[in-house]
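Chains, contacts and geometry: an overview
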Amino acid sequence: MAIDFSERFERVLADAKTVVVSTGAGISAESGVPTFRGEDGLWKKFRAEELATFEAFQANPRIVWEWYSYRREIINKIKPNPGHYAVAEMAGLFDNFHIITQNVDGLHKLAGSEDVVELHGNIKRNLCVDCGKMNYDEEFEAIPPLCSCGGRLRPDVVWFGEMLPAGAIERAFKVSKSCDLLFTVGTSGIVQPAASLPPTAKQHGAFVVEINIEPTELTFIVDQHFRGNSGEILPFIVRKIKEIRGIKS
Ligand code: OAD
């Protein structure tokens, strides 16, 4: 695959010290995780308000758990793809590197990225709605499963209408304000507050790059848009950074 790098982008790659990669469902699409809003997107087949709100969980916890068990089954079978591995490798190529993801699939960590800001939680983790204790149990005696305190367990993901984990969103904005370069990868740029990270970085002087198979809500603000699969473009960018820095692949 051949990608044209602008002179300006090459200079940014050479000089950038603090880099942020902000990812969405598209980076996991090549691993076989369905996205939310594409033609085959989950929200085309399922109603978010019946499955991904606290009200839905209170009204019908069994249906909500069945939906999350179905998604856990998919995620348990799949592996990171070259896009996730390229992001993990980038961490070693810049002085300060931050990964922020809206994904709940844990694939960045599986690919070797240690410090990942998970804005929307993690689908494999359970949270007690009463005592707030978390666990990673996968086998349950009853649905909805119960915590040792007797409270109901829910998947530890952010549902519509809920606040994002406080530390996560604060850190995401802090690093977006201080970075030299931000990549927005595989996200439609529709869901807030994650969608505000690229414009925030841009307002604070960062060079913003989008990698997506199609234009998005964010395309008009970015400095460079690469159209294509993140699993192909990200490894290409990593090779370019190494070439610029004289590092052998
Ligand atoms: P979306 O489904 O809204 O967008 C996925 C994006 O990935 C689209 O812009 C696609 O064009 C792009 N895409 C698909 N395949 C790709 C590939 N191989 N390479 C690069 N790009 C690709 O997913 P998100 O933006 O992540 O929230 O959605 C944000 C949030 O909405 C999710 O975290 C979820 C959902 O409701 C919660 O569950 C809280």
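These remarks concern the structure in this document. (Residues numbered from 1 in each chain as written. Predicted model: local features only at pLDDT ≥ 70, side-chain atom pairs only at ≥ 80, totals over all residues. Heavy atoms only, no water.)

**Examining the site of the ligand**
What surrounds the ligand is a group of 24 residues, the closest being Phe36, Arg37, Thr187, Ser188 and Asn212. In the model, an oxygen atom of the ligand is placed 3.4 Å from a nitrogen or oxygen of the Glu214 side chain. Here the ligand, which alone exposes 800 Å², has 93% of that area covered by the protein. (Near = heavy atom within 4 Å. Polar contact = N/O pair within 3.5 Å; in protein donor to acceptor, adjacent residues only side chain to side chain. Areas by Shrake-Rupley, 256 points an atom, 1.4 Å probe, with all protein chains shown as cover.)

**Concerning the packing of helix H1 (residues 7-15) against helix H11 (residues 230-245)**
Two elements in contact, H1 and H11, have axes separated by 10 Å at closest approach and are oriented at 70 degrees. In terms of their interaxial angle, H1 and H11 are classed as roughly perpendicular. Every residue of H11 that contacts H1 at Phe9, Glu10, Leu13 and Ala14 is listed here: Ile237, Lys240, Ile241, Ile244 and Arg245. Grouping the constituent residues of the contact of H1 with H11 by class yields 6 nonpolar, no polar and 3 charged. (Axes fitted to C-alpha atoms, helices over the stretch in contact; angles between N-to-C directions. Helix = DSSP H or I, 4+ residues; strand = E, 2+ residues; numbered from the N terminus. Parallel < 35°, antiparallel > 145°, perpendicular 65-115°, else oblique. Contact = heavy atoms within 4.5 Å. Nonpolar A, V, L, I, M, F, W, Y, C, P; charged D, E, K, R; others polar.)

**Some points on the nonpolar core**
Side chains that are nonpolar tend, in soluble globular proteins, to be buried together. Judged by nonpolar contacts, the single largest core of 30 residues is most densely connected at Phe9, Met90, Leu181, Phe183 and Ile237. For this core, the elements supplying multiple residues, two or more each, are H1, strand S1 (18-23), helix H7 (82-90), strand S2 (96-101), strand S7 (181-185), strand S8 (207-212) and H11. In terms of residues, this core owes the most to one element, H11, which gives 6 residues. Among residues more than four places away in sequence, those in contact with Met90 are Val21, Phe97, Phe183, Leu234, Ile237, Val238 and Ile241. Core analysis: the next-biggest nonpolar cluster, separate from the first, contains 19 residues, Ile100, Leu119, Ala206 and Val222 among them. (Core = buried A, V, L, I, M, F, W, Y, C linked by side-chain atoms within 4.5 Å. Buried < 20%, exposed > 50% of the residue type's maximum accessible area, 1.4 Å probe, protein only.)

**Let's talk about the sheet that holds strand S3 (residues 116-118)**
Ordered in space as S3-S2-S1-S7-S8-S9, the 6 strands form an open sheet in which the pairing is parallel. Edge positions in the open sheet fall to S3 and strand S9 (224-227), since each of these has one partner strand only. Taken over all neighbouring pairs, the strand axes of this sheet differ in orientation by 15 degrees on average, direction set aside. Sheet topology places S7 next to S8; 5 bridges connect them, and they run parallel. Considered in S8, the bridge of Val185 is made with Ile211. Most of the contacts of H7 go to S2, to which it runs at about 150 degrees, and overall it touches S1, S2 and S7. (Pairing = 2+ DSSP bridges.)

**Let's talk about the packing of aromatic side chains**
Each pair of aromatic rings is reported with the distance of its centres and the angle of its planes. Enumeration according to the criterion identifies 16 aromatic pairs in this entry. Summarising the aromatic geometry, the rings of Phe9 and Phe226 are spaced 5.7 Å apart at their centres and angled 50 degrees between planes, so their arrangement reads as tilted. Taken together, the positions of Phe9 in helix H1 and Phe226 in strand S9 put the pair 217 residues apart, joining distant regions of the chain. The ring of Trp159 carries the charged tip of Arg154 above its face, separated from the ring centre by 3.7 Å. (Phe/Tyr/Trp six-rings, centres within 6.5 Å; stacked < 30°, edge-to-face > 60°. Lys NZ or Arg CZ within 6 Å of the ring centre and 35° of its normal.)

**As for the sheet that holds strand S5 (residues 134-135)**
Spatial ordering of the open sheet is given by S5-S4-S6, a layout of 3 strands whose pairing is antiparallel. Of all strands in the sheet, those with a lone pairing partner are S5 and strand S6 (153-157), marking the two edges. Direction of pairing for strand S4 (residues 121-128) relative to S5: antiparallel, over a ladder of 2 bridges. Counterpart to Leu127 in the pairing with S5 is Met134. In the packing of helix H6 (residues 61-77) onto the sheet, contacts are made with S4 and S6, and the angle to S4 comes to roughly 140 degrees.

**Things to note about the pairing of S9**
The alternating pattern of S9 places Gln224 and Phe226 on a buried face, while none of His225 and Arg227, on the opposite face, is buried. The pairing of S8 with S9 spans 4 bridges and is parallel. Its bridge partner being in S9, Glu210 is matched across the sheet by His225.

**Description of the pattern of salt bridges**
Scanning all chains against the criterion turns up 12 salt bridges. Asp223 is the salt-bridge partner of Arg8, the closest N and O atoms lying 3.8 Å from each other. On the criterion of sequence distance, the pair formed by Arg8 in helix H1 and Asp223 in the loop between S8 and S9 is long-range, its members being 215 residues apart. Note on Asp223: relative accessible area 25%, which makes it partly exposed. Across the pair Lys202 and Asp223 runs a salt bridge whose closest N-O atoms are separated by 2.7 Å. Here the residue Lys202 occupies a position in helix H10 (residues 197-203), and Asp223 occupies one in the loop between S8 and S9, the gap between them amounting to 21 residues. (Salt bridge = Lys/Arg side-chain N within 4 Å of Asp/Glu carboxyl O.)

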